[in-house]
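# An overview of the molecular structure
Now for the letters of each chain:
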Amino acid sequence: MRDSDRGKMSLRVSAIACYCLGLWPLVAGSADIIINDSAPPGRFSRADVRAIFAMRQRLWPNGEQIKVYTLADDHPVHKDFVKNNLNMFPHQFRRAWDRMTYTGTGVAPIQLDSEQEMIKKIMNTPNSIGYVSKKPDNAKIRLFDYQ
């Protein structure tokens, strides 16, 4: 076996080991969930995050309305976010949003075109939440704490 083949095989074995140990999101580069600094602090679960982005949880614990922003379904950061942070597929989320919209039981989140637009909206909208590939260096935005 050549050295280059050993290196490729070693990389594959490492990736499989990370996946099996539940560390794959760290390797895959999961998106950062960001919130406006006005949103209340707290510890949230992955189920809470999923409920917020599925538009089932509409209020923060302090009773304020959550303003949810997402990127387009085909945006690479959106795909990464849904798969690695929520353990779902983008089409599953789209189906849930469409069902709520068509039945009149809810609305879909506000869809933005770019990460730059996401940063601007989160920065300027109280109680808002969204995601980007990397947390921006901005005093009005903080990472969303969840486990």
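What counts and how
Residues numbered from 1 in each chain as written. Predicted model: local features only at pLDDT ≥ 70, side-chain atom pairs only at ≥ 80, totals over all residues. Heavy atoms only, no water. Salt bridge = Lys/Arg side-chain N within 4 Å of Asp/Glu carboxyl O. Helix = DSSP H or I, 4+ residues; strand = E, 2+ residues; numbered from the N terminus. Buried < 20%, exposed > 50% of the residue type's maximum accessible area, 1.4 Å probe, protein only. Phe/Tyr/Trp six-rings, centres within 6.5 Å; stacked < 30°, edge-to-face > 60°. Pairing = 2+ DSSP bridges.

### Overview of the pattern of salt bridges
- In the structure shown here, the tally under the stated rule is 4 salt bridges.
- A salt bridge links Arg-142 to Asp-37, with the nearest nitrogen and oxygen atoms 3.4 Å apart. With Arg-142 in strand 5 (residues 141–143) and Asp-37 in the loop between strand 1 (32–36) and helix 3 (46–53), the pair connects residues that are 105 residues apart, well separated along the chain.
- Of the residues examined, Arg-142 reaches a relative accessible area of 21% and is grouped as partly exposed.
- For Asp-37, a relative accessible area of 43% gives the class partly exposed.
- In this structure, Asp-145 and Arg-43 form a salt bridge, with 2.3 Å as the shortest nitrogen-oxygen distance. Within this pair, whereas Asp-145 is found in the segment after strand 5, its partner Arg-43 is found in the loop between strand 1 and helix 3, the two being separated by 102 residues in sequence.

### Concerning the packing of aromatic side chains
- Within the structure shown, the criterion is met by 8 aromatic pairs.
- Ring plane angle 50° and centroid distance 6.0 Å describe the contact between Trp-60 and Phe-144, whose orientation is recorded as tilted. Linking Trp-60 in the loop between helix 3 and strand 2 (67–71) with Phe-144 in the segment after strand 5, this pair joins segments that are 84 residues apart in sequence. No difference in accessibility class separates Trp-60 from Phe-144, as the two residues are buried.
- An aromatic cluster is defined as three or more aromatic residues linked by ring pairs; in this entry it consists of Phe-44, Trp-60, Phe-144 and Tyr-146.

### Examining the pairing of strand 4 (residues 128–132)
- The buried fraction of strand 4 is high, at 5 of 5 residues.
- Residues Ser-128, Gly-130 and Val-132 point to one face of strand 4 and Ile-129 and Tyr-131 to the other, with burial holding for every one of them.
- Bridge analysis of strand 1 against strand 4 gives 4 bridges, and the strand direction is antiparallel. Across the sheet, residue Ile-35 finds its bridge partner in strand 4, namely Ile-129.
- Two strands pair when backbone bridges link them, and strand 2 and strand 4 are joined in this way by 2 bridges, in the parallel orientation. Considered in strand 4, the bridge of Lys-67 is made with Ser-128.

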